[in-house]
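Chain residues, written in single-letter form:
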Amino acid sequence: MSVYLQLAQAMFPHITKTPEDYEAQYPPRSLPDGARVTRIAPSPTGYLHLGTFFTSMVNRLTADASQGVFFFRLEDTDKKREVEGGADDILKGMKDFGLTIDEGFVAPGEIIGSYGPYQQSQRAEIYQAYVKLLVAENKAYPCFCTEEERQSARDAQEASKERTGYYGKYAVCRNLSPDEALQRITAGESYVVRLRSEGNEANRVKFDDMIKGTIEMPENDEDIVLLKSDGIPTYHFAHAVDDHLMRTTHVIRGDEWISSVPKHLQLFKTLGFKPPKYAHVSPIMVEENGNKRKLSKRKDPQAAMHFYAQQGYPALSVLEYLLTIANSDFEEWRRTNPTAPYNAFKFNLKKMSVSGALFDLDKLNDVSKTVIARMTATEVAQQVLHWADEYHPAFAALLRRDTAYTEGIFSIDRGNAKPRKDIARWSDVPDYVSYFFDELYDNALELPDNISPADAAAILRAYAAIYDPSEDKQAWFDSVKSICAPLGFSPDVKEYKKNPDNFKGHVGDISTVIRIAVTGRRMTPDLCSIMQQLGTDKVQERLNTAISVYENNI
Ligand code: GLU
């Protein structure tokens, strides 16, 4: 037995499976030609971040555009940074915001697929089998340097203005003889396992990033750690083994990983794996004091997906907004295909922006208004209820009291060629519909400056006398016009504008007074529909209340 094999055996006596076994266990996938296998591989270190969600969406769309697979792997090797429930929060957020996962963790507590385990903490033996082979081939070695030794090496490097890292003359254990290493291991000394790097700082590696284009960087000459002293891999090594065995074709991730690509390519090469294609997504930016900076988990509430849930943005609004960031031609496509499902859009990884797009809440609100305007009344009612159940239970109870009434409210000015675009998020709705519920209704009956309480009382008395709840929109408007002239108002806005001195106001003022009496607002959706929805008794009650309030103010 070669001395390296002996060393490998002493380091991993419990590892009996070989890389060959794993190759056989996880064969290449049988998918259509050109199918892309993508993944999101978050660490459970906190809540779901907009950036992670965005990258997931890009992965999902890339898989979809090629009849591929999008899977979820949990990178939970850093137990110190792990947050309890973090993984479930990420998975729940993905689901709530409409991103389906094909394989791996698909929902909290739900795992499917035959390329697992999909959780790195459960893959220790797999990683060790690969490291065992690398040690046997003298491509990796045990390193016994203590933390203190490493620190003093780093201090020396900094003092002499050299690159920090375990390379060249600083890679002390690289030169230990296998016999010595074997002895120290047998003696029970603690160690990490390092790659024996073949790289040279003076050489360049070149790769084509599908978003950023061709990138050139120095080769990696550091003997990076593959396994930590507890036998758990570093991220770099785990990524290479996992993405190979899970047969990932495209690694699409945040661009903070670009600088690691030379290490990753080196690992793929050393392990004899075909490297995946890389696409590095630029971060979402915000503007602050005229400067662009990355959206920050700490500073920006909108960095957390919880923000969108709590504000009640529909999943589709968030997805469509993010699509406008992802591919700038999405908006044009949406204009020409207003009713197509969003994923009918031909997403193109290569059209993603190289510098980070700016986050714009106003734009999200605009997109969301259009998304909500396209929904049916039933969909709106369902989604509002879903939001209110979690964030506004008292409002949910009001909506549930009479579901037909609730749906009726959301039917107003909806389902026609030009639906109103005035709801951006479900948290707008309690105020938006307040005049339909006495519990939320508070009417100060405030009049515009040009209308006196005496005129308002006269207008409402005249209207109350002819109010006919069976009127359709046209008849309703004709009725409103019919009371104008006797009250000194013009039924015709143009006529009024020609001779304003001849009138107290015009038909618009008359309907404003009625609108204020019935809803408390100067602007609402179609008033005739609102009155029908409120019902005769309620309308009469509100007209009478307003009449007496204005009469008392004369
Ligand atoms: N666990 C890494 C992260 O959370 C994954 C990076 C990758 O996608 O390769 O950022």
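Below is a summary of the structure that appears in this document. No experiment lies behind these values; they were computed from the predicted model shown.

Reading the values: rules and limits
- Residues numbered from 1 in each chain as written.
- Predicted model: local features only at pLDDT ≥ 70, side-chain atom pairs only at ≥ 80, totals over all residues.
- Heavy atoms only, no water.
- Helix = DSSP H or I, 4+ residues; strand = E, 2+ residues; numbered from the N terminus.
- Rg over C-alpha atoms; globule rule 2.2 N^0.38 Å.
- Buried < 20%, exposed > 50% of the residue type's maximum accessible area, 1.4 Å probe, protein only.
- Contact = heavy atoms within 4.5 Å.
- Areas by Shrake-Rupley, 256 points an atom, 1.4 Å probe, with all protein chains shown as cover.
- Lys, Arg positive; Asp, Glu negative; His and termini not counted.
- Charge placed at Lys NZ, Arg CZ, Asp CG, Glu CD.
- Near = heavy atom within 4 Å.
- Polar contact = N/O pair within 3.5 Å; in protein donor to acceptor, adjacent residues only side chain to side chain.
- Nonpolar A, V, L, I, M, F, W, Y, C, P; charged D, E, K, R; others polar.
- Axes fitted to C-alpha atoms, helices over the stretch in contact; angles between N-to-C directions.
- Parallel < 35°, antiparallel > 145°, perpendicular 65-115°, else oblique.
- Disulfide = S-S within 2.5 Å.
- Core = buried A, V, L, I, M, F, W, Y, C linked by side-chain atoms within 4.5 Å.
- 1 Å grid on protein atoms, 1.4 Å probe; cavity = no way out; pocket = protein on both sides within 12 Å on 5 of 7 lines; lining within 4 Å.
- Points joined across faces, edges and corners; volume = space filled by probe spheres on them.
- Pairing = 2+ DSSP bridges.

## Regarding the overall build of the protein chain
Then, in step 1: A count of helices and strands for the protein chain gives 23 helices and 15 strands.
Then, in step 2: Since a compact globule built from 554 residues should have a radius of gyration of about 24 Å, the 33 Å found for the protein chain marks it as more spread out than a globular shape.
Then, in step 3: In terms of overall dimensions, the protein chain has C-alpha extents of about 110 × 45 × 45 Å along its principal axes.
Then, in step 4: Per-residue burial over the protein chain gives 51% buried out of 554 residues.
Then, in step 5: Restricting the contact set of the protein chain to residue pairs at least 6 apart, pairs at least 24 apart contribute 72%.
Then, in step 6: Of the roughly 26,400 Å² that the protein chain leaves accessible, carbon and sulfur atoms contribute 49%.
Then, in step 7: Across the protein chain, the mean location of the 66 positive side-chain charges is 4 Å away from that of the 78 negative side-chain charges.

## Digging into the site of the ligand
Then, in step 1: Around the ligand, the structure places Arg39, Ala41, Pro42, Ser43, Glu75, Tyr235, Arg253 and Trp257.
Then, in step 2: Within the side chain of tyrosine 235, one N or O atom sits 2.3 Å away from an oxygen atom of the ligand.
Then, in step 3: Tryptophan 257 places a side-chain nitrogen or oxygen 3.2 Å from an oxygen atom of the ligand.
Then, in step 4: Out of a free accessible area of 300 Å², the ligand has 82% covered by protein chains.
Then, in step 5: Per-class residue counts for the shell around the ligand are four nonpolar, one polar and three charged.

## Quick word on the packing of helix 19 (residues 473-482) against helix 21 (residues 507-519)
How two helices sit against one another is set out by the angle between their axes and by the gap between those axes.
Then, in step 1: At a closest axis distance of 9 Å, the pairing of helix 19 and helix 21 adopts a crossing angle of 110°. The angle between helix 19 and helix 21 places the two elements in the roughly perpendicular class. Residue-level contacts link Trp476, Phe477, Val480 and Lys481 of helix 19 to Val507, Ile510, Ser511 and Ile514 of helix 21.
Then, in step 2: Class assignment of the residues belonging to the contact of helix 19 with helix 21 gives a composition of six nonpolar, one polar and one charged.

## What about the state of the cysteines?
Then, in step 1: A full pass over the atoms with the stated rule returns zero disulfides.
Then, in step 2: This cysteine, cysteine 143, is not joined by any disulfide, and cysteine 145 carries the nearest cysteine sulfur, 3.8 Å off.
Then, in step 3: Considering cysteine sulfurs only, cysteine 528 is the nearest to cysteine 484, which forms no disulfide, with 16 Å between them.
Then, in step 4: Given a relative accessible area of 0%, cysteine 484 falls into the buried group.

## With respect to the nonpolar core
Then, in step 1: Judged by nonpolar contacts, the single largest core of 168 residues is most densely connected at Phe53, Phe54, Met94, Phe237, Tyr308, Leu322 and Phe436.
Then, in step 2: The element that contributes the greatest number of residues to this core is helix 5 (residues 124-136), accounting for eight residues.
Then, in step 3: The residues touching tyrosine 308, leaving out its near neighbours within four places in the chain, are Leu50, Phe97, Gln302, Tyr313, Val318, Phe359 and Leu364.

## Considerations on the layout of surface pockets
Then, in step 1: Its volume calculated, the largest pocket comes out at about 1,100 Å³.
Then, in step 2: Contributing to the lining of the largest pocket are 38 residues, with Pro42, Ser43, Thr52, Glu256 and Trp257 lying nearest its centre.
Then, in step 3: For the lining of the largest pocket, the elements supplying multiple residues, two or more each, are strand 1 (37-40), helix 3 (50-64), helix 8 (235-245) and strand 10 (250-254).
Then, in step 4: Take the lining of the largest pocket: its biggest share by element is four residues, from helix 3.
Then, in step 5: Residues of the lining of the largest pocket, tallied by class, amount to 14 nonpolar, 14 polar and 10 charged.
Then, in step 6: Lining the second largest pocket are 27 residues, with Arg334, Pro338, Thr370, Val371 and Arg374 positioned closest to its centre.
Then, in step 7: Among the elements of the structure, helix 11 (315-326), helix 12 (330-336), helix 13 (361-373) and helix 14 (377-391) are those that each provide at least two residues to the lining of the second largest pocket.
Then, in step 8: Tallying contributions element by element places helix 13 first for the lining of the second largest pocket, with six residues.

## Things to note about the sheet that holds strand 6 (residues 192-195)
Then, in step 1: Pairing is antiparallel in the open sheet, where three strands are placed in the order 5-6-9. One side of each edge strand has no neighbouring strand; the edge strands of this open sheet are strand 5 (140-143) and strand 9 (225-227). Geometrically, the sheet is characterised by an average inter-axis angle of 45° between neighbouring strands, direction not taken into account.
Then, in step 2: Relative to the sheet, helix 5 contacts strand 5, strand 6 and strand 9, its axis offset from that of strand 9 by approximately 125°.

## Some details on the sheet that holds strand 4 (residues 110-112)
Then, in step 1: One open sheet accounts for four strands, arranged 1-2-3-4; its pairing is mixed. Here the strands that pair on one side only, and so sit at the sheet edges, are strand 1 and strand 4. Direction aside, the axes of adjacent strands within the sheet are offset by 40° on average.
Then, in step 2: Relative to strand 4, strand 3 (residues 103-107) runs antiparallel, the two sharing three bridges. Considered in strand 4, the bridge of alanine 107 is made with glutamate 110.
Then, in step 3: Its contacts with the sheet put helix 3 on strand 1 and strand 2 (69-72), and the angle it makes with strand 1 is roughly 165°.

## Side note on the pairing of strand 5
Then, in step 1: Burial along strand 5 is two-sided: the residues Ala140 and Pro142 and Tyr141 and Cys143 are all buried.
Then, in step 2: As defined by bridge partners, strand 5 adjoins strand 6 across four bridges and the pair is classed as antiparallel. Its bridge partner lying in strand 6, cysteine 143 is registered against valine 192.

## Some words on the packing of helix 21 against helix 23 (residues 536-553)
Then, in step 1: Packing of helix 21 against helix 23 leaves a shortest axis separation of 8 Å and a crossing angle of 110°. With respect to helix 23, the axis of helix 21 lies roughly perpendicular. Mapping the contact onto sequence places Ile516, Ala517 and Val518 in helix 21 and Val539, Arg542, Leu543, Ala546 and Tyr550 in helix 23.
Then, in step 2: Looking at the contact of helix 21 with helix 23, its residues break down into seven nonpolar, no polar and one charged.

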